[in-house]
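# Observations on chain architecture
The residues making up each chain are set out below.
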Amino acid sequence: MRAIVVIVNLIIIQFVTLTLAATPESSWWKNILVYQIYPRSFMDSDGDGIGDLNGITSRLEHIRETGATAFWLSPIYQSPQKDFGYDISDFTAIDPQFGTIDDFRALVRRAKSLGLRVLMDLVPNHSSDQHEWFKKSVKGIKPYDDYYIWRDGKIVNGVRSPPNNWISIFGGPAWTWNEERGKYYYHQFVAEQPDLNYRNPGLRNEMKNVLSFWLEQGIDGFRIDAIIHLFEDEKLRDEPLSRRPGFNSDEYEYLDHIYTHDLEEMYDVVDEWRQLMDDFSQRNKSATKYAIVEGTSLKFFDHGVDPFNFMITGEFNKNTNPEYYARRINEYLSQIPYGNMPNWVVGNHDGSRVASRFGRADQMSMLALMLPGLTVIYNGDEIGMVDRPLSWEETVDPAGCNAGPEKYNQRSRDPARTPFQWDNTTNAGFSFGRKTWLPVHENYHHLNLLDQQQAPISHFKTFKRMIRLKQSQLVQTGSTEISTNEDGRVLGLVRRLPHQSPLALLINFSEDTIVLNLMKWMHLPERLNIYAASVESNLRVGAMVRPGNFLLPAGASVVLAGDDIDI
C-alpha cells in the first residue's frame, strides 16, 4: 500500500531562510555538511602510524573539496588512550601523539583561511583515572573529593559488593572499588573513565573553564559526547531488567536504564553551556557558536543545542522496509520545533560504515543530502570505504576487548576506524611508517580517493554532485515530500518551489528493475534529466528521461532535475 505523503510546511522552511538572510553569522550551520575526522586514522605526518594534527592540516583542502562547511574533530586531548581519547587526563592539553597546542592553532588558522569551521568533541561525562582531579579525589583532597561519584559498597553474605546493579556500557559492573579511598567509584564506561559529579558546583565551573579555553582558541562550537549520562539517580536504585532476549547479565542491554540515562538535570547544564557560548560570542563580536549533542530527545532544541538524529545509523539498515523510511522521516520532520532544522548522521566512528551497513555506498548519502537540514558524514564514507574485518588479536577497541573472543566482532568499533585510503601507495598514503595503529583495508589498491578523483564515475564524484545540489535554493528552502511507490519497494523524495521544476530522488531497495509512472505517483513533469546516480546503477548523468515510463534499475539511487536547477 502506498505510504501517505507528508509535505513539510514551506512557511517554516522559509522562516529559517529569512532568518539566515538577515543574520547569516547567527545560524551558519543551517543546511550545511559537517565532516567528522577521526584523527588517529585521517593522516599521519610523522610516520608513527597514528594520525595527527599536522596530518589533518595537510589534508584540509580535501575537506573543502567535499563541500563541507565545518569539520568535527574526535578527541585530541591528553589521554592514556584506554578508550582512544575519550579518557581524558587533561581537558585543555593536546595529546603528544597528535601534536602540540601550537599545531592545533596552526590547524585552526589554516581552516579559517579555507573557509572551514572547526568543531571540537567535548567529552564532559567523565575523565581519565589519570586526571589530576581524580588522583586528588582518591586522596580525599578538597574540593576534588566530591568531583566524582563515590559510594560505600554493601555487604552481601559477608562479601563486599557494589552499591547497586548498574552495568557499564562496555559490560560488567559500573562500579570499581578503590582501596585507597575505601569506596566504590562510578563509571558509565571503562573503569579508567570515572564519571564526573555534576551535582558539584565546583566541578561545573571547572568544565565551563574548559569550554572557555577552547573557544578562545578560535573554534566554532562543540559536538558534545555522552551528555545523556551526566546524571544518575541520587538514591542509587537498582535498574529493572530489560527482558531483551540474547543478552547476558553482565551486558549493558540486560537492564532498562531508567536511572542512569536522560535525567532532567542535564538540561540545566546545557543551559549553562549555551549561555557561556552566547556570552563569548557577544563579548568577542563573533559568530554564534554551534553545539550538537549525543542525545536524541527533541527537548534539546528548547535549550539551544541540536540533538543528533541517528535514524540512518541506528534505525535503518539494508533490510528496512521503504515504507518505514517514509513514515519515520515524515514523523521526524513534522516534530522539529518551529525555527529549528533537522540533521542527518550518515555515519560515525561508533558504528559500521554506511557502505557495509547498507551494502551500497551512495544510497544513504544521497538521501541525507537531499533532505532539509544539516548532514554529518564520517571520513571515508564519501569514497565508499567499507569495514575492515579484524581478528581477535588485531582488536584494540575496549568495547571489543571487553566482550571477549566469542563476541568481540559484535561489539568492536575497530572495523570502521581503519586508516583513510588516500591513494594506492604504501599504507594507502596514510603513513610512511612501517606499521599503522590499525591495519589498512586491503582494498585500498582499487578503493582510494586519488583513483576516484581521476575516474569519470566514482562515489566521490557522486558525493560532490550531491553537495552542490544541497547548496541549491531548491534543497535549501523547498518543501519536502516523502512516499513510496504502489508496491512499497521504491522510496521517493521530492523537493519543490513555486515556478521551478521539482527535484526527485528515487531509491530502489529491491533486486529488480522497476517500471515507474512518476507523473502519476510523484506528479513530476513529462521531461527531466538525470542529475546524479549511484555508481552501480549504470544510469548516465545528464541523460533526458520520461518520468511517465521510467525504468529504475535494481538497487539504484537516482536524482532527477529540470534544466532550471540553480547550481
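To keep things clear, this report deals only with the structure shown in the data block.

How each quantity is defined
Residues numbered from 1 in each chain as written. Predicted model: local features only at pLDDT ≥ 70, side-chain atom pairs only at ≥ 80, totals over all residues. Heavy atoms only, no water. Helix = DSSP H or I, 4+ residues; strand = E, 2+ residues; numbered from the N terminus. Rg over C-alpha atoms; globule rule 2.2 N^0.38 Å. Buried < 20%, exposed > 50% of the residue type's maximum accessible area, 1.4 Å probe, protein only. Contact = heavy atoms within 4.5 Å. Areas by Shrake-Rupley, 256 points an atom, 1.4 Å probe, with all protein chains shown as cover. Lys, Arg positive; Asp, Glu negative; His and termini not counted. Charge placed at Lys NZ, Arg CZ, Asp CG, Glu CD. Pairing = 2+ DSSP bridges. Phe/Tyr/Trp six-rings, centres within 6.5 Å; stacked < 30°, edge-to-face > 60°. Expected span 1.5 Å × (residues − 1). Arc of directions from axis to C-beta.

## Thoughts on the overall build of the protein chain
Of the regular secondary structure elements, the protein chain holds 17 helices and 24 strands. Expected size for 567 residues packed as a compact globule is a radius of gyration near 24 Å; at 24 Å, the protein chain falls within 12% of this value. With the principal axes as the frame, the protein chain shows a C-alpha extent of 80 × 55 × 50 Å. Burial statistics for the protein chain: of 567 residues in total, 60% are counted as buried. Taking the contacts inside the protein chain whose residues are at least 6 apart along the sequence as the reference set, 68% of them involve residues at least 24 apart. Of the roughly 22,400 Å² that the protein chain leaves accessible, carbon and sulfur atoms contribute 50%. Taking the average place of the 58 positive charges on the side chains of the protein chain and the average place of its 73 negative ones, the gap between the two points comes to 3 Å.

## Here we look at the sheet that holds strand 10 (residues 175-178)
Sheet strands line up and pair through hydrogen bonds in the backbone, either parallel or antiparallel. With respect to topology, three strands assemble into an open sheet ordered 7-11-10, the strand pairing being antiparallel. A single partner strand is all that each edge strand has here, and the edge strands are strand 7 (150-151) and strand 10. As paired strands, strand 10 and strand 11 (residues 183-186) are joined by four bridges and run antiparallel to one another. Paired with Trp-177 across the strands is Tyr-184, a residue of strand 11.

## Comments concerning the sheet that holds strand 3 (residues 70-73)
Spatially, the eight strands line up as an open sheet ordered 14-13-12-6-3-2-16-15, and their pairing is parallel. Strands with a single pairing partner mark the edges of an open sheet, and in this sheet they are strand 14 (306-307) and strand 15 (343-345). The pairing of strand 15 with strand 16 (residues 374-378) spans three bridges and is classified as parallel. Bridging from a neighbouring strand, Asn-343 pairs with Leu-374 of strand 16.

## Some remarks on helix 11 (residues 363-370)
With respect to burial, helix 11 is a largely interior element, eight of its eight residues being buried. For helix 11, the complete set of buried residues consists of Gln-363, Met-364, Ser-365, Met-366, Leu-367, Ala-368, Leu-369 and Met-370.

## Describing the packing of aromatic side chains
Scanning all chains against the criterion turns up 34 aromatic pairs. Plain terms: the ring middles of Tyr-77 and Trp-214 are 5.7 Å apart, the flat faces sit at 70° to each other, and that makes the pair edge-to-face. Remark: Trp-214 occurs in helix 6 (residues 201-216) and Tyr-77 occurs in strand 4 (residues 77-78); sequence separation between them is 137 residues. As far as burial versus exposure is concerned, Tyr-77 and Trp-214 are alike and both buried. Geometrically, the ring pair formed by Phe-316 and Tyr-325 is tilted, given 4.1 Å between the ring centres and 40° between the ring planes. Looking at Phe-316, the relative accessible area reads 3%, which means it is buried.

## Digging into helix 4 (residues 101-113)
The end-to-end C-alpha separation of helix 4 is 19 Å, in line with the 18 Å expected for 13 residues at 1.5 Å each. Regarding helix 4, the residues found buried are Asp-103, Phe-104, Leu-107, Val-108 and Ala-111. The arc that holds every buried residue of helix 4, seen down its axis, measures 140°, which confines them to one face. For helix 4, the exposed residues lying more than 90 degrees away from the buried face are Asp-102 and Arg-109. Directly after helix 4, the chain includes Gly-115, whose backbone phi takes a positive value near 80°.

Any link to function would need more than the numbers given here.
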